[in-house]
Structures are given as structure tokens and as C-alpha cells.
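The chain contents come next:
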Amino acid sequence: MINLLFAGNEGVFDGILTCLLSICKRSAIREPFQIFVFTMELTRIKPEYKPISDGQIAFLQELITTYHQESKVIKVDVTALYEREFAGCPNESAYCSPYTLIRLFADLVEGIPDKLLYLDVDLLFNRDIALLYDTDITDYEYAAARDHYGKYLINPNYINAGVLLFNMKKVKETGLLKKARRLIQERKLTFADQSALIRSTTAKRMLPQKFNDQKFLHRHTVVRHFSRRLFYLPYPHTANIKQWQVSDVHRVFRYYVFDDILYDYIYLKKQYERQRSEGER
């Protein structure tokens, strides 16, 4: 069993869909996937902060079973946990949405397995997921790759928390997530959950950059993370292009290696919208 974790509201559907497509199309599917999706209702902050819908989960379930019949997608509503732990905390209005904080509940949710791969939704796999998932983390709380900019500006081993391979047994032993939640509750942190995780870490395994390439795509890249990046031309500026913005992926990055994934995404997204429209009649 390969255990994955995503987190977000109904707006992350395109990201999860494209990411799962990339995993399935780039991997030899030898065993089923167990995919947890942490979500919550937080419309008291913004009207669009609605949980991922049951219809979206059902569509993802239908997709993943076409690759392995025993795979399953599990929706976990953590609204009550969030309100208990983080309501009104200094990081509720962090640089990213409050949904970035809810992966810190992984040790509190019943049924979470000992090995768990957390993934941001803005990434695509370029090679087999087993190259990452099979990493030995017996003696570590988690494995992660360096942050492309942070390794230069902050610390050579500053990690990017968009790809985290957790050893949940070790995490519970050291209290990693419990310590991180306490920091979130008490202090305003520059990068919120990422900062809290780094400051609470006892033992991590550093992964090669190919497992979380945030700026470039190489032949050996396993995970291409479409995070915000700096461009120097035609003038210095940042852009936050996501993989589901297919025209921009072609125009700006000139990536065509993911076209089989992205064209399937376009077809499936239209299929989902058609099913939703018919269901509302």
C-alpha cells in the first residue's frame, strides 16, 4: 500500500487530479494507493473556504480505481480539529491559506499509517513514485529535499515542505507535529507550518533535489514542483504558474513532456463538470 496525503478546500481539485494522473501514468502500479484528503469548512474567514466536495472525492476515487481496483480516496474533515487547535492563532492569516496548516494534524487522525507521503497539490511526477516512496526513513521523522531559494538565503539544509515522506511512528515518538502545532498557536512565523516543522525537527533525511525540483525540469527529475519562482527576463519578477494552467506551462516553461497527463486532465475535468451539471438538474 502506498499512502498519500493531500490537504485543501474544494479549489485544490485540479491539483490533486493532475498530480494523481502523473503518479499513475509515470509509475508501475504494483500495489494499491490509500489517499487521504484533509479538508475543512472555514467560510467564517473567506466564502470560498469550503471543504472538498463528496462529488470531487467520488470522481477521484473513480479515477484511481481504473489503475488499481483496491485503491481508495478517503476524505477527512478536520474542521473541529482546526477550530480547537488554531482558531484565532497568529498564523491564521499566513502567507498561504489556513489549509496549509492542517497537515499538522496527521498524528491526531485515526487510521493514518506509519509511512505517509504528504504532497502539495501543485506538482507533477516525472518518474516512478516508488523512487521516492521506497526511501528508508526508519531512523528519521521525515525525508525532504532542500528549498531551492531557502538553501541559498536561509540555510544550506533548509527544506521545502511541499514533499514530505513521514515516518509517523517516529513523529509520534518525538512529538514533532505536537511541537509544531504549539509554535503555530504561540508565534507568528514567516512561513507558518513550514517554519514550525523545521524548528520542531529532531531527525530528518535530506533528499536529492530531484525529488522536489522547484525551478527546473531535468531528465532525472522525479517531482516537478510548480511553486512560485523568480524569472529574470524580460525583467526580474515572480510568477506562480500551476500545472493545470496548460497554456502557460507551454508558453512560459515550454514543457511538453507532461502533455499526456495534461490532455487527460482537460478531458476528465470536462467530464467532471458535465456530471456535476447533470447532478444539479
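Residues numbered from 1 in each chain as written. Predicted model: local features only at pLDDT ≥ 70, side-chain atom pairs only at ≥ 80, totals over all residues. Heavy atoms only, no water.

Undergrad: Would you mind going over the pairing of strand β1 (residues 2-7) with me for this structure?
TA: The side chains of a regular strand alternate between both faces of the sheet. A large share of β1 lies buried, amounting to 6 of its 6 residues. Side-chain alternation along β1 places I2, L4 and F6 on one buried face and N3, L5 and A7 on a second face that is also buried. For the crossover from β1 across helix α1 (residues 13-26) to strand β2 (residues 33-39), the handedness is right-handed. Sheet topology places β1 next to strand β4 (residues 115-119); 2 bridges connect them, and they run parallel. Each residue of the ladder has a partner; that of L5, found in β4, is Y118. (Buried < 20%, exposed > 50% of the residue type's maximum accessible area, 1.4 Å probe, protein only. Helix = DSSP H or I, 4+ residues; strand = E, 2+ residues; numbered from the N terminus. Right-handed = clockwise from strand over helix to strand, strands pointing away. Pairing = 2+ DSSP bridges.)

Undergrad: Would you take a moment to explain the pairing of β2 for this structure?
TA: Counting buried positions along β2 yields 7 of 7 residues, so the element is predominantly enclosed. Side-chain alternation along β2 places F33, I35, V37 and T39 on one buried face and Q34, F36 and F38 on a second face that is also buried. Sheet analysis places β2 next to strand β3 (residues 72-77), joined by 6 bridges and oriented parallel. When the bridges of β3 are listed, V37 appears paired with K75. A crossover links β2 with its parallel partner β3, the connecting element being helix α2 (residues 54-65), and its sense is right-handed.

Undergrad: Can you help me understand the packing of aromatic side chains in this one?
TA: One pair of aromatic rings is described through two measures. These are the centre distance and the angle between the planes. Inspection of the entire model under this criterion finds 12 aromatic pairs. Judged by centre distance (5.5 Å) and plane angle (70 degrees), the ring pair of F59 and Y272 falls under edge-to-face. Taken together, the positions of F59 in helix α2 and Y272 in helix α10 (residues 259-279) put the pair 213 residues apart, joining distant regions of the chain. A single burial state applies to F59 and to Y272, both of which are buried. Their ring planes at 15 degrees and their centres at 5.1 Å tell us that F253 and Y255 sit as a pair that is stacked. On the basis of relative accessibility, which here comes to 12%, the residue F253 falls in the buried class. Classification of Y255 as buried rests on a relative accessible area of 12%. These aromatic residues form a ring-pair network of at least three members: F226, F253, Y255 and F258. The aromatic ring of F226 is capped on one face by R224, whose charged end is 4.7 Å from the ring centroid. (Phe/Tyr/Trp six-rings, centres within 6.5 Å; stacked < 30°, edge-to-face > 60°. Lys NZ or Arg CZ within 6 Å of the ring centre and 35° of its normal.)

Undergrad: Hey, could you run me through the nonpolar core in this one?
TA: Soluble globular proteins tend to pack their nonpolar side chains together in the buried interior. L4, L20, L117, L119 and F125 are the most contacted members of the largest nonpolar core, which totals 52 residues. Not counting residues up to four positions away in its chain, the partners in contact with L20 are L4, F6, I35, L60, L63 and I64. Among the nonpolar cores identified, the runner-up in size contains 40 residues, and V78, L101, I102 and A144 belong to it. (Core = buried A, V, L, I, M, F, W, Y, C linked by side-chain atoms within 4.5 Å. Contact = heavy atoms within 4.5 Å.)

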